[in-house]
Amino acid sequence: MTDLLTRRTPTPVSARPRRTGVGVLIGAILVILASASLFIGVSDVSPLALLTGGPDSSAAFLLVTSRIPRTVAVLLAGASLGIAGLIMQMLVRNRFVEPGTTGVTEFATLGMLISTVFWPGMAVVGKMAVAAVFGLLGTWVFLRVVRAVPVRQLVLVPLVGIMLGGIVGSVTVFFAYRLDLLQSLGQWSQGSFASVMQGRYEFVWIAGAMVVVAWFAADRFSVIGTGEDFATNLGLDYRRVVAVGMVIVALITASVLVTSGVIPFLGLVVPNVVSLIIGDNARRSIPWIAGLGAVFVIACDIVARVVRFPYEIPLSVIVGIIGAALFLWLLLRRRGRAH
């Protein structure tokens, strides 16, 4: 497998204005889509209804209790899942991994099922903690399995993760079927923000906090992306940084899972697209990944709401279709570099 070294190459002066323009464009699109998301839905929450109804109207109530929490949750989930994918790629030194292609999501879902079976009255924060522990376990298992793979080809590593996730997912489905919990499992496996409202989305702020932690530790993640030997020679505590990265990935995966369910391919596609634009510098990439991830998810969420209006398609369906197409394009684009 080709090591993904973080290279600090001089940026041409002519390229900087173009990149700045792309960043401004992403920010403008994000503001427009976030504003539109507040007013899209079956109930009338238009600006006119808000102005004529006043602060005590049903439109204002729905805006505060449903539309704003949903929009904030979508933005935080998109931003944080992109960062989780970047950290996984740094830990494994492979461009084609993310929590959904390494078994981490399936381990976290298994943790949700176990908490539901053994502690049915547990609060949501407890279920999220159990899911985070299982997500951490899944990250550790994947890293151990990858180390045992004799030939670490570029495409082989995510295939190993997908097989690991398939095994864990099959075990989860089997026990959910035996325990008559398939409906709950389906709710977690199909990502959707339809049920998000005030009081049921706050845990996704934990994922947002992990984005800040990742930004502060970005330089260390860049160094471990060069390999354990090189990072150790530079005086970096490799195992500690890997542990921090594993915790960040587990917390992001668990908090998004309990809020909206599984959102596939996001952590894989967005970091790769950003890498094509600005390169592999982690600290410089994190704001771009967070912004583009938020734009991608909120755009897909709007499509999921309007394509069969007044019904709503699960967000994971829209993200899965677009993400799978982009994943295939990335595989075909890099096939000549895999060896």
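Anything mentioned here points back to the structure above.
Residues numbered from 1 in each chain as written. Predicted model: local features only at pLDDT ≥ 70, side-chain atom pairs only at ≥ 80, totals over all residues. Heavy atoms only, no water.

(A) Spotlight on the overall build of the chain. Along the backbone of the chain there are 14 helices and zero strands. Listed N to C, the secondary structure of the chain is α-α-α-α-α-α-α-α-α-α-α-α-α-α in terms of helices and strands. For a compact globule of 339 residues, the expected C-alpha radius of gyration is about 20 Å, and the chain comes in at 20 Å, within 12% of that figure. Principal axes of the C-alpha set define a box for the chain whose edges measure 65 × 60 × 35 Å. About 16,000 Å² of surface is accessible on the chain, with carbon and sulfur atoms providing 68% of the total. Treating the 26 positive side-chain charges of the chain as one cloud and the 14 negative ones as another, the clouds have centres 9 Å apart. (Helix = DSSP H or I, 4+ residues; strand = E, 2+ residues; numbered from the N terminus. Rg over C-alpha atoms; globule rule 2.2 N^0.38 Å. Areas by Shrake-Rupley, 256 points an atom, 1.4 Å probe, with all protein chains shown as cover. Lys, Arg positive; Asp, Glu negative; His and termini not counted. Charge placed at Lys NZ, Arg CZ, Asp CG, Glu CD.)

(B) Spatial organisation of the nonpolar core. If you look at the biggest cluster of nonpolar residues, it comprises 72 residues, and the most contacted ones within it are V92, F142 and F193. Among the elements that take part in this core, helix α3 (residues 58–92) stands out by supplying 13 residues, more than any other. Membership of the second largest hydrophobic core comes to 14 residues, among which are L113, M128, A132 and V258. (Core = buried A, V, L, I, M, F, W, Y, C linked by side-chain atoms within 4.5 Å. Buried < 20%, exposed > 50% of the residue type's maximum accessible area, 1.4 Å probe, protein only.)

(C) Molecular detail of the packing of helix α8 (residues 204–216) against helix α11 (residues 238–260). Orientation of α8 relative to α11, taken along the N-to-C sense of each, is 155°, at an axis distance of 8 Å. As judged from the angle between their axes, α8 and α11 are roughly antiparallel. Crossing handedness for the pair α8 and α11: left-handed. Between α8 and α11, the contacting residues are V204, I206, A207, M210, V213 and A214 on the first element and I248, L251, I252, S255, V256 and T259 on the second. Looking at side-chain class alone, the contact of α8 with α11 contains 10 nonpolar, two polar and no charged residues. (Axes fitted to C-alpha atoms, helices over the stretch in contact; angles between N-to-C directions. Parallel < 35°, antiparallel > 145°, perpendicular 65-115°, else oblique. Left-handed = near helix turned anticlockwise from the far one by under 90°. Contact = heavy atoms within 4.5 Å. Nonpolar A, V, L, I, M, F, W, Y, C, P; charged D, E, K, R; others polar.)

(D) Region of interest: the pattern of salt bridges. For the structure on display, the rule yields five salt bridges. When the shortest N-O distance is used, the salt bridge between R305 and D301 registers 3.0 Å. Taken as a pair, R305 and D301 lie in helix α13 (residues 282–306) at a separation of four residues, close to a single helical turn. Taken individually, R305 and D301 each receive the classification buried, so the pair is uniform in this respect. (Salt bridge = Lys/Arg side-chain N within 4 Å of Asp/Glu carboxyl O.)

(E) Expanded view of helix α6 (residues 156–178). Over its 23 residues, α6 runs 33 Å from end to end, which matches the ideal 33 Å to within 8%, given 1.5 Å per residue. Of all the positions in α6, only V157, P158, V160, G161, L164, G165, V168, T172 and A176 are classed as buried. Following α6 by one or two positions, D180 adopts a phi angle in the positive range, close to 60°. (Expected span 1.5 Å × (residues − 1).)

(F) Structural context of a nonpolar patch on the surface. Residues V117, F118, W119, I167, V171, F174, F175 and L179 make up a contiguous nonpolar surface patch of about 790 Å² in total accessible area. Sort the elements by how many residues they give to the nonpolar patch and α6 lands first, with four residues. Assignment of secondary structure puts L179 in the loop between α6 and α7 (182–189). (Patch = residues over 30% accessible without salt bridge, like charges linked within 9 Å, V, L, I, M, F, W, Y side chains within 5 Å.)

(G) Layout of the side chain of S80. Residue position: S80 is located in helix α3. The exposure class assigned to S80 is buried, which follows from its relative accessible area of 0%. Looking at S80, its side chain comes within polar contact range of the main-chain oxygen of A77, at 3.2 Å. Excluding residues that lie within four positions of it along the chain, S80 makes contacts with A207, V211, I252 and V256. (Polar contact = N/O pair within 3.5 Å; in protein donor to acceptor, adjacent residues only side chain to side chain.)

(H) Looking closely at the environment of F142. Within the fold, F142 resides in helix α5 (residues 124–148). Residue classification places F142 among the buried residues on the basis of a relative accessible area of 0%. Between the C-alpha atoms of F142 and R283, which are 141 residues apart in sequence, the distance is 25 Å.

(I) Expanded view of unusual backbone geometry. In this structure, D180 is a non-glycine residue whose phi angle is positive, near 60°. Residue placement: D180 occurs in the loop between α6 and α7. In this structure D180 comes out as exposed when scored by relative accessible area, which is 70%. Here the phi dihedral of F265 falls at roughly 65°; this positive angle occurs in a residue that is not glycine. Tracing the backbone through its elements, the reader meets F265 in the loop between α11 and α12 (266–278).

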